[in-house]
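Examining the three-dimensional arrangement
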Amino acid sequence: KKVPAPKKISTLIAGESLLNDGVALAVFTLLKQFTHIDNAMPSAWPVAYEILREFTGCLLQAYILYKLLRTLLRLGRGLDHESLQYHVTVTFLLIHVNYLSARYFHLSPALCIVVFGLFSSSSLHTIQTNVKTTLLVLWDTIDEMLNAVLFFIVGVEIIFISAVPWSVLFITGV
């Protein structure tokens, strides 16, 4: 974020980084699911099927919600003073719907939201400049706050793990 680079390149790198994080989280969650099945190593086909189902489902869901977002943004073009509130409400609503429907369809919420964000970034040109700037600042601030919370939780977890003797961790399988 500190290196002066063209906005398009920094956006592309940030999107790729988020996609990597979403994929890693989805794969980790999926593999963790398979470890609880009779402590036996699953065959490759069920794992491959689940990965394909998750990724395809997230792509489909994100694309449908992206189309809904474009429609809602077109409806909000005529608004003047309420435009910012409308756009903030629409983005929060669709992210919430995305999360809830991912949970309902047993998809990775993180991956679905990342893919939705990548699709949605192409709709920014349809929003008024002042509204777009405010939305980007809002979501950037939320991103920074959530990263701070994430690093705090990771730090607490590291302190917890370092406080427990390693032999206990190996015996319990953590």
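Above this text sits the structure in question.
Here the residue numbering is sequential within each chain, running from 1 through the sequence in written order. Only residues with pLDDT of 70 or above have their local features reported here, since the model is predicted, and side-chain atom pairs are shown and tallied only from 80 upward, although totals for entire chains, interfaces and linings are computed over all residues. Only heavy atoms go into the side-chain values, all of them from the structure, while hydrogens and water stay out.

**Details of the nonpolar core**
We apply this condition: Here, nonpolar core refers to any group of buried Ala, Val, Leu, Ile, Met, Phe, Trp, Tyr and Cys residues whose side-chain atoms link them within 4.5 Å. Burial classes follow relative accessibility: with a 1.4 Å probe on protein chains only, a residue under 20% of its type's maximum area counts as buried, one over 50% as exposed, and anything between as partly exposed. Helix numbering and strand numbering both begin at the N terminus, where a helix is a DSSP run of H or I of at least 4 residues and a strand a DSSP run of E of at least 2. Here, residues are in contact when the closest pair of their heavy atoms is within 4.5 Å.
Of all hydrophobic cores here, the largest spans 18 residues; its most connected members are Leu69, Leu94 and Phe116. Secondary-structure elements contributing two or more residues to this core are helix H2 (44–75), helix H3 (83–104), helix H4 (109–120) and helix H5 (129–163). At 7 residues, the largest contribution of residues to this core is made by H2. Phe116 has contacts with Ala62, Leu65, Tyr66, Leu69, Leu94, Ile95 and Asn98, leaving out every residue within four places of it along the chain.

**Details of the packing of H2 against H4**
Here is the rule: Fitted lines through C-alpha atoms give the axes, limited to the stretch in contact for helices. The angle between two N-to-C directions lies from 0 to 180 degrees. By the definition adopted for this analysis, an angle is roughly parallel if under 35 degrees, roughly antiparallel if over 145, roughly perpendicular if from 65 to 115, and oblique otherwise. Crossing handedness is read from the near helix: turned anticlockwise from the far helix by less than a right angle, it gives a left-handed crossing, and turned clockwise, a right-handed one. Three classes are used: nonpolar for Ala, Val, Leu, Ile, Met, Phe, Trp, Tyr, Cys and Pro, charged for Asp, Glu, Lys and Arg, and polar for all others, with Gly counted as polar.
Two elements in contact, H2 and H4, have axes whose closest approach is 8 Å; the angle formed by their N-to-C orientations is 45 degrees. Of the possible angle classes, the one that applies to H2 and H4 is oblique. Like other packed secondary-structure pairs, H2 and H4 cross with a definite hand, here right-handed. Note on element contacts: H4 touches H2 through Leu111, Cys112, Val115, Phe116, Phe119 and Ser120, opposite Phe55, Cys58, Leu59, Gln61, Ala62, Tyr63, Leu65, Tyr66 and Leu69. Among the residues making up the contact of H2 with H4, the classes are represented as 13 nonpolar, 2 polar and no charged.

**Considerations on the packing of H3 against H4**
Put simply, H3 and H4 touch, their axes get as near as 9 Å, and they point 140 degrees apart. Handedness of the H3/H4 crossing: right-handed. Taken together, the residues of H4 that come into contact with H3 (itself represented by Leu94, Ile95, Asn98, Tyr99, Ala102 and Arg103) are Pro109, Cys112, Ile113 and Phe116. Looking at the contact of H3 with H4 residue by residue, the class counts come to 8 nonpolar, 1 polar and 1 charged.

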